[in-house]
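Here are the chains, one letter per residue:
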Amino acid sequence: MYETERPIAIVGMACRFPGAPDIPSFWRLLEAGENAVTEGVPGSGVGRIGELFPDAAQLNEGCRFGAFVSDIDQFDETFFRISPVESQLLGPQQRMMLETSWQALEDAGIDPDSLEGSRTGVYVGISNDEYRMLVLDSGKPADAASCLYALSGTNLNGAAGRVAFVMGLMGPVKAVDAACASSLVSIHDAVADLQQGKADLALAGGVQALLNSRIYELRADAMMLSPDGQCKTFDASANGYVRGEGCGVVVMKRLSDAEAAGDRIWGVIRGSAVNHGGASVGLTVPNTPALVQVMGEALSQAGVAATDVDYLEAHGTGTTVGDPIEINAVAEVYCQGRATGQPLLTGSVKTNVRSPGIGCRSGRRDQGRTGDQARCDSQTPAFP
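Cut-off values and rules
Residues numbered from 1 in each chain as written. Predicted model: local features only at pLDDT ≥ 70, side-chain atom pairs only at ≥ 80, totals over all residues. Heavy atoms only, no water. Phe/Tyr/Trp six-rings, centres within 6.5 Å; stacked < 30°, edge-to-face > 60°. Buried < 20%, exposed > 50% of the residue type's maximum accessible area, 1.4 Å probe, protein only. Lys NZ or Arg CZ within 6 Å of the ring centre and 35° of its normal. Patch = residues over 30% accessible without salt bridge, like charges linked within 9 Å, V, L, I, M, F, W, Y side chains within 5 Å. Areas by Shrake-Rupley, 256 points an atom, 1.4 Å probe, with all protein chains shown as cover. Salt bridge = Lys/Arg side-chain N within 4 Å of Asp/Glu carboxyl O. Lys, Arg positive; Asp, Glu negative; His and termini not counted. Charge placed at Lys NZ, Arg CZ, Asp CG, Glu CD. Helix = DSSP H or I, 4+ residues; strand = E, 2+ residues; numbered from the N terminus. Polar contact = N/O pair within 3.5 Å; in protein donor to acceptor, adjacent residues only side chain to side chain. Axes fitted to C-alpha atoms, helices over the stretch in contact; angles between N-to-C directions. Parallel < 35°, antiparallel > 145°, perpendicular 65-115°, else oblique. Left-handed = near helix turned anticlockwise from the far one by under 90°. Contact = heavy atoms within 4.5 Å. Nonpolar A, V, L, I, M, F, W, Y, C, P; charged D, E, K, R; others polar. Pairing = 2+ DSSP bridges. Arc of directions from axis to C-beta. Core = buried A, V, L, I, M, F, W, Y, C linked by side-chain atoms within 4.5 Å.

**Student:** Account for the packing of aromatic side chains, naming residues and giving values.
**Tutor:** What the rule picks out here adds up to six aromatic pairs. Taking the centre distance of 5.6 Å and the plane angle of 5° together, the rings of F75 and F80 count as stacked. Residue F75 shares its accessibility class with F80, and that shared class is buried. Aromatic ring contacts, followed pair by pair, group F75, F79, F80 and W102 into a single cluster. The aromatic ring of Y216 is capped on one face by R243, whose charged end is 4.9 Å from the ring centroid.

So this is what it looks like as structure tokens:
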């Protein structure tokens, strides 16, 4: 067996999402089809929107909505052996990554303190650090130590490096910025390192905190954000997404190692692939041929036929540009030769943690239990 064909087991996981501080509550949110998006009033001083936009000036409607985690300002620095002075300048993304990584290891039945000196890797998908913008805007710190903490507490690489430092991990450590695919690529990199023997255990996931009003306004004015606070994935009325924050981490081992240790296994990753869209219509626009290629590569590496797949979790941007491109690629890969009556259910939990959405099933609107679903079979045409 080639190293790249070694399946990888997920033996632990934890999350901190809007409306769901842990895995059980997140599952309940999905089962109930709940909406974690809130609408705020700029200038009110109430909630994150009221704090981000202190003036009640006219704003793009997309700035009024968001999905936020609670108590983002709370952190037990003593537990992680971090001084109060350093903790004051430690960004929420690094804090959440530390807390959620620890919880994921506990879920896996692993004592984090037992991993010191181990070949455990940390892989974090992270694209923005809005806390750093706030720190820089607040003025230069008064002393050398504070200057150092202002840098180390807000670096993107610190989200991964901080976890390794606190736990004494000595495997590969990577902060991955691949835009919307950052968490996905962090998982891919962790899988590859485990398969190639570069790590024996891996913590992988992603984190984001929404703290800067300028970023909000730029995205809204660029017509990226939904003005009605609805991320309507795969719907004809899709008009943008809603910003959301949180952190999710999985703990991974080679399947053979997990089985030998008697670990509880949440799931198995049998194939993984990444690529770039190349010269598409625009830098931020996906490319159907590239999507077809990368999905085909992942299936080939996994040794799984497309018709054996029953459910696909989609990106589902909730835009009139991205959604048709994605669903056309999915249809080309997964629907060829698929028997009538054997649907490929396709959903996106983005509609739950960023806003409720509406799926499409043969032209009808159809609400699914775990987010909204698009039905794909041999008689369902791709979106125009």
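**Student:** Requested: an account of a negative patch on the surface, with residues and values cited.
**Tutor:** A surface patch of like charges, here negative, comprises E106, D111, D113 and E116. As for its placement among the helices and strands, D113 is situated in the loop between α4 (92-107) and β4 (120-125).

**Student:** Residue-level account of the environment of S25, with values.
**Tutor:** Locating S25 in the fold gives a position in helix α1 (residues 23-32). Classification of S25 as buried rests on a relative accessible area of 11%. Looking at S25, its side chain comes within polar contact range of the side chain of D22, at 2.6 Å.

**Student:** Help me get a handle on the packing of α4 against helix α7 (residues 158-167), residues and values and all.
**Tutor:** Between α4 and α7, the least distance of the axes is 9 Å, while the angle of their chain directions is 50°. Classified by the angle between their axes, α4 and α7 sit oblique to one another. Seen from above, α4 lies across α7 with right-handed handedness. Side by side, α4 and α7 meet where Q94, M97, L98, S101, W102 and L105 of the first sit next to G158, A159, R162, V163, V166 and M167 of the second. Partitioned by chemical class, the residues of the contact of α4 with α7 number eight nonpolar, three polar and one charged.

**Student:** Could you give an account of the packing of helix α11 (residues 288-302) against helix α12 (residues 322-334), naming the residues involved and the relevant values?
**Tutor:** Direction vectors running N to C along α11 and α12 enclose 45°, while the axes themselves pass 9 Å from each other. In terms of orientation, α11 and α12 fall into the oblique class. Crossing of α11 over α12 shows right-handed handedness. Contacts between α11 and α12 involve T288, L291, V292, M295 and L299 from the former and I325, E326, A329, V330, E332, V333 and Y334 from the latter. When grouped by side-chain class, the residues that make up the contact of α11 with α12 number nine nonpolar, one polar and two charged.

**Student:** Can you tell me about the pattern of salt bridges, naming the residues and giving the values?
**Tutor:** One pass over the full model with this rule turns up 14 salt bridges. Of the charged contacts in the structure, one is a salt bridge between R119 and D200, with a shortest N-O distance of 2.9 Å. A residue pair is termed long-range when its members are at least 10 positions apart, and R119 in the loop between α4 and β4 and D200 in the loop between α8 (182-195) and β6 (201-208) qualify at 81 residues. When its relative accessible area of 33% is taken as the criterion, D200 is described as partly exposed. With a shortest N-O distance of 3.1 Å, D257 and R254 are connected by a salt bridge. Beyond isolated ion pairs, a larger network of salt bridges with shared partners links R119, D200, R254 and D257.

**Student:** I'd like a description of the pairing of strand β7 (residues 246-254), backed by residues and values.
**Tutor:** It is a general feature of regular strands that their side chains alternate between the two faces of the sheet. In terms of burial, β7 is a largely internal element, nine of the nine residues being buried. As paired elements, strand β1 (residues 8-16) and β7 share eight bridges and run antiparallel to each other. Across the sheet, I10 pairs through a bridge with M252, a residue of β7. Across seven bridges, β6 lies against β7 in antiparallel orientation. Following the sheet pairing, G206 is matched in β7 by G248.

**Student:** Tell me about helix α5 (residues 130-137), and please be specific about residues and values.
**Tutor:** Those residues of α5 that sit buried are E130, Y131 and V135. With its buried residues spanning 145° around the axis, α5 presents them on a single face. Along α5, the residues that are exposed and aim more than 90 degrees away from the buried face are L136 and D137. Taken together, the buried residues of α5 touch α3 (84-88), α4, α6 (144-152) and α9 (213-221). N-capping of α5 is provided by D129, with a side-chain oxygen placed 3.2 Å from the backbone N of Y131. Residue G139 follows α5 closely and has a positive phi angle near 110°.

**Student:** So what about the nonpolar core? Which residues, and what values?
**Tutor:** Judged by nonpolar contacts, the single largest core of 42 residues is most densely connected at L105, V122, V124, V163, L169, L203 and V251. Elements with a minimum of two residues in this core: β1, α4, β4, α5, α7, β6, β7 and α10 (255-261). Setting aside its immediate chain neighbours within four residues, V251 contacts A9, I10, V11, G12, A104, L105, A108, I110, L201, A202 and L203. Ranked by size, the runner-up nonpolar core spans 17 residues in total, among them M295, V309, A314 and I327.

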